[in-house]
Amino acid sequence: MPFNMPDNAVDKDIRIMSVPKSRINTARWWKYTNLRNLNFLMLIPLLSIFSQGFDGSMMNGLQSVSHWQMYFGSPTGATLGIFNAAYPLGGIAGVFLISPVADRFGRRIGLATGAALCIIGAALQGSAVNIAMFVVARAIIGAGSVIVAGVGAPYITEIAHPNQRSTATALFLTFYSLGSITAGWSTFGTFRIDGTASWRIPSTLQGLPSVIQLAFVWFVPESPRWLISMGRNEEAMDVLLKYHGENEPGDPVAVFEYDEICLALEAEKEVADLTLIGSLRELIRSPGNRKRMVIMIWAAICSQMSGNAFVSYYLSPILSSVGLTSDLQQTLINATMQMVSWFSAIYFATLPTKLGRRMMFLWSLIAIWVIVISITAGSAVFAKNSNDKAAGYAVVVLLYLFSPAYNFGFNGNLGLYIPEILPFRLRTKGLAFFYFVQFCFMILSTFAVPIGLQNIQWRLYIVFVVWVMVEFAGIYLMFPETTGPSLEEIAFIFDGPAKVYALEEKHNARDTIEQVEFV
């Protein structure tokens with residue numbers, strides 16, 4: 001049975017607490033000094049997913065660089081799987097630091113902590129002298145990357161103007177593709193270097209976005225939701241008035257946000273257990289939270305097991321299997337493929353509000369399914385007749401199309417959906433749980449795919465053809481639509497009318513709540 005979706009009565013209830021009309025024309029946000037500054041400053045947390053995108057594309061590119069292959073003994077099968085699986089292994093360790101750092105010390109400190117780890121890991125990776133050092137460095141980068149990603153997503157959600165929240169949050173995962181482009185072109189530009197610099201340069205560049213984050217995160221405003229949760233209400237009101245109301249005293253949007261956050265956090269405190277075990281227990285305590293947990297698990301699985309592993313990490317052996325074996329061919333295809341991925345991700349990030357989150361998930365899986373079937377057929381034809389260049393080139397074209405198909409549902413749309421279904425008290429802990437599941441399946445896919453490609457070649461793709469159909473059924477049955485309501489109001493979809501009615505009653509009685517005085 002699918003989870004209950006909001007009907008017309010529910011929509012009516014949600015509209016009770018709709019955000020008042022802003023005095024700011026957010027369609028022309030660049031005309032407002034503080035909102036313009038906020039949107040540019042959000043580039044810092046937006047960089048949080050850059051390193052993950054860089055990693056997959058870099059490892060794709062390095063497998064095509066002769067000097068990397070010679071230096072590390074041309075790894076294949078399980079050995080190659082260890083090279084790639086080290087990154088998500090580190091990520092699993094990193095998820096346990098997301099909530100303790102970000103919830104206790106703030107989003108800025110959380111982002112800085114992850115960035116510092118990424119810088120250390122990139123420095124070790126670029127200077128690696130053996131397999132062990134390279135693998136350990138990748139594990140450190142994995143830990144840092146998951147921390148910045150786990151902090152960056154809610155950070156953007158919590159500081160963006162409410163009229164821009166959907167687009168801003170959806171843009172988060174598009175920076176994955178930007179990282180992929182940077183890695184793709186850096187490996188293409190350095191593969192001709194005669195020496196280890198051909199792989200050391202891109203390996204070190206992976207730390208560049210983290211250097212930028214560590215230097216400039218201190219200029220980004222702290223999350224108003226976190227400030228209020230720590231009792232720093234006046235600071236929170238100042239942030240909301242400055243960036244969402246252009247310093248206009250009593251701005252209706254800023255005041256509404258402030259009141260709604262205060263009321264939501266007050267309601268959450270009544271049932272909150274702030275310990276790690278308590279938070280995990282809370283994920284299964286109520287029907288609404290159990291729905292959230294199941295959705296996060298399924299979304300994490302879909303994001304890693306839809307066939308994207310062989311495109312993200314094992315493009316080189318796939319291209320070799322269809323007759324494209326030179327360093328130039330493989331690095332150029334990798335670099336240009338990442339550009340197609342990025343442009344599609346940027347455009348698709350603008351669509352969740354127009355098309356709906358759930359619909360984009362479903363159509364994305366339909367497109368992936370068709371493409372994987374076609375890749376399987378083309379690879380099978382080429383395996384039988386290596387002179388059939390048309391089949392080989394068809395597979396390459398389909399590989400270019402795979403990323404846009406995946407990005408349609410599982411790039412910006414996924415980065416928006418997961419943070420917004422979680423209430424504030426569970427947001428960083430819930431995201432940590434999501435990344436934990438995601439990285440577990442990343443380990444499975446990155447370790448298993450090279451073994452499968454080595455042992456059963458193109459037949460491996462048949463597994464994904466069947467599995468994507470299972471993913472489609474899971475999303476169709478379980479994922480509710482969340483387009484429309486505010487962060488605090490989305491709880492209504494999962495927890496039922498009582499949640500919104502409780503908040504409405506507290507809004508009507510807010511004269512009993514301490515208010516910020518405007519002078």
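Residues numbered from 1 in each chain as written. Predicted model: local features only at pLDDT ≥ 70, side-chain atom pairs only at ≥ 80, totals over all residues. Heavy atoms only, no water.

1. What to know about the overall build of the protein chain
Now for step 1: Counting secondary structure elements, the protein chain contains 28 helices and zero strands.
Now for step 2: Burial status across the protein chain gives 59% buried among its 519 residues.
Now for step 3: Expressed as a percentage of contacts within the protein chain between residues at least 6 apart in sequence, the contacts between residues at least 24 apart total 83%.
Now for step 4: Working note: accessible area of the protein chain is about 20000 Å², and carbon and sulfur atoms make up 66% of it. (Helix = DSSP H or I, 4+ residues; strand = E, 2+ residues; numbered from the N terminus. Buried < 20%, exposed > 50% of the residue type's maximum accessible area, 1.4 Å probe, protein only. Contact = heavy atoms within 4.5 Å. Areas by Shrake-Rupley, 256 points an atom, 1.4 Å probe, with all protein chains shown as cover.)

2. Some thoughts on the packing of helix α4 (residues 50-62) against helix α6 (residues 77-105)
Now for step 1: Where α4 contacts α6, the axes come no closer than 11 Å and their chain directions differ by 175 degrees. Put simply, α4 runs roughly antiparallel to α6. Residues S51, Q52, D55 and M59 of α4 form the contact with α6, whose own contacting residues are F83, N84 and Y87.
Now for step 2: Each residue belonging to the contact of α4 with α6 can be placed in one class, and the counts come to three nonpolar, three polar and one charged. (Axes fitted to C-alpha atoms, helices over the stretch in contact; angles between N-to-C directions. Parallel < 35°, antiparallel > 145°, perpendicular 65-115°, else oblique. Nonpolar A, V, L, I, M, F, W, Y, C, P; charged D, E, K, R; others polar.)

3. Side note on the packing of aromatic side chains
In this description, an aromatic ring pair is defined by two values, namely the gap between the centres and the angle between the planes.
Now for step 1: Tallied over the entire structure, the rule returns 28 aromatic pairs.
Now for step 2: Taken together, a centroid distance of 5.9 Å and an interplanar angle of 45 degrees make the contact between F188 and F191 tilted. As far as the burial class goes, F188 and F191 line up, both buried.
Now for step 3: Note on F402 and Y406: the rings are 6.4 Å apart at their centroids and 15 degrees apart in plane angle, and the pair reads as stacked. On the criterion of helical spacing, the pair formed by F402 and Y406 is a turn pair, its members being four residues apart in helix α23 (residues 389-410). Comparing F402 with Y406, the two get one shared label, buried. (Phe/Tyr/Trp six-rings, centres within 6.5 Å; stacked < 30°, edge-to-face > 60°.)

4. Quick word on the nonpolar core
Now for step 1: Among the nonpolar cores identified, the biggest contains 134 residues, and W68 and Y435 are the most heavily contacted of them.
Now for step 2: For this core, the element with the highest residue contribution is helix α25 (residues 424-456), accounting for 13 residues.
Now for step 3: If near-sequence neighbours (up to four positions away) are discounted, W68 is found in contact with M59, L62, Q63, P75, L80, F83, F134 and W199. (Core = buried A, V, L, I, M, F, W, Y, C linked by side-chain atoms within 4.5 Å.)

5. A few points about the packing of helix α20 (residues 327-348) against α23
Now for step 1: Close contact between α20 and α23 brings their axes to 8 Å; oriented N to C, the two are set at 30 degrees. With respect to α23, the element α20 is oriented roughly parallel. The chirality of how α20 crosses α23 is right-handed. Contacts between α20 and α23 involve I333, T336, M337, V340, S341, S344, A345 and F348 on the former and, on the latter, V396, L399, Y400, S403, P404, N407 and F408.
Now for step 2: Of the residues that constitute the contact of α20 with α23, the class distribution is ten nonpolar, five polar and no charged. (Left-handed = near helix turned anticlockwise from the far one by under 90°.)

6. Describing a nonpolar patch on the surface
Now for step 1: Among the surface-exposed residues, F105, I109, I193, I201, L205, L208, V211, I212, F216, W218 and F219 lie close enough to one another that they form a single nonpolar patch of about 960 Å² accessible area.
Now for step 2: Elements that contribute at least two residues to the nonpolar patch include exactly α11 (197-205) and α12 (208-216).
Now for step 3: Among the elements that make up the nonpolar patch, the one with the highest residue count is α12 (four residues).
Now for step 4: Relative to the helices and strands, F105 is located in helix α6. (Patch = residues over 30% accessible without salt bridge, like charges linked within 9 Å, V, L, I, M, F, W, Y side chains within 5 Å. Salt bridge = Lys/Arg side-chain N within 4 Å of Asp/Glu carboxyl O.)

7. Overview of the pattern of salt bridges
Proximity of charged atoms lets side chains of opposite charge pair with each other.
Now for step 1: As enumerated under the stated definition, the model contains nine salt bridges in all.
Now for step 2: A salt bridge links K429 to D103, with the nearest nitrogen and oxygen atoms 3.2 Å apart. With K429 in helix α25 and D103 in helix α6, the pair connects residues that are 326 residues apart, well separated along the chain. As far as the burial class goes, K429 and D103 line up, both buried.
Now for step 3: What you see here is one network of salt bridges that share partners, running through D103, R107, E158 and K429.

8. Here we look at the side chain of N411
Now for step 1: By the secondary structure assignment, N411 is in the loop between α23 and α24 (412-421).
Now for step 2: Within the structure, the side chain of N411 is placed 3.3 Å from the side chain of N407, a separation counted as a polar contact.
Now for step 3: In contact with N411, other than residues within four places in its own chain, are L173, T174, S177, A345 and Y406. (Polar contact = N/O pair within 3.5 Å; in protein donor to acceptor, adjacent residues only side chain to side chain.)

9. Comments concerning α6
Now for step 1: With 29 residues, α6 extends 42 Å from end C-alpha to end C-alpha; this agrees with the ideal 42 Å at 1.5 Å per step.
Now for step 2: Following α6 by one or two positions, G106 has its phi on the positive side, about 105 degrees. (Expected span 1.5 Å × (residues − 1).)

10. Things to note about unusual backbone geometry
Now for step 1: Of note in this structure, E246 is not a glycine but carries a positive phi near 50 degrees.
Now for step 2: Structurally, the position occupied by E246 is in the loop between α14 (233-245) and α15 (252-269).

11. Observations concerning helix α8 (residues 131-159)
Now for step 1: The terminal C-alpha atoms of α8 lie 42 Å apart, and with 29 residues this matches the ideal 42 Å at 1.5 Å per residue to within 8%.
Now for step 2: Within α8, 23 of the 29 residues are buried, leaving the element largely enclosed by the surrounding structure.
Now for step 3: A side-chain oxygen of the first residue of α8 lies 3.3 Å from the backbone nitrogen of A132; this N-cap is N130.

12. A short note on the environment of P20
Now for step 1: For P20, the position within the fold is in the loop between α1 (8-15) and α2 (33-41).
Now for step 2: A residue is classified by how much of its surface remains accessible, and P20, at 26% relative accessible area, is partly exposed.
Now for step 3: In sequence terms P20 and V253 are 233 residues apart; their C-alpha atoms lie 5.9 Å from each other.
Now for step 4: Residues within four places of P20 in sequence aside, it is in contact with P252, V253 and F256.

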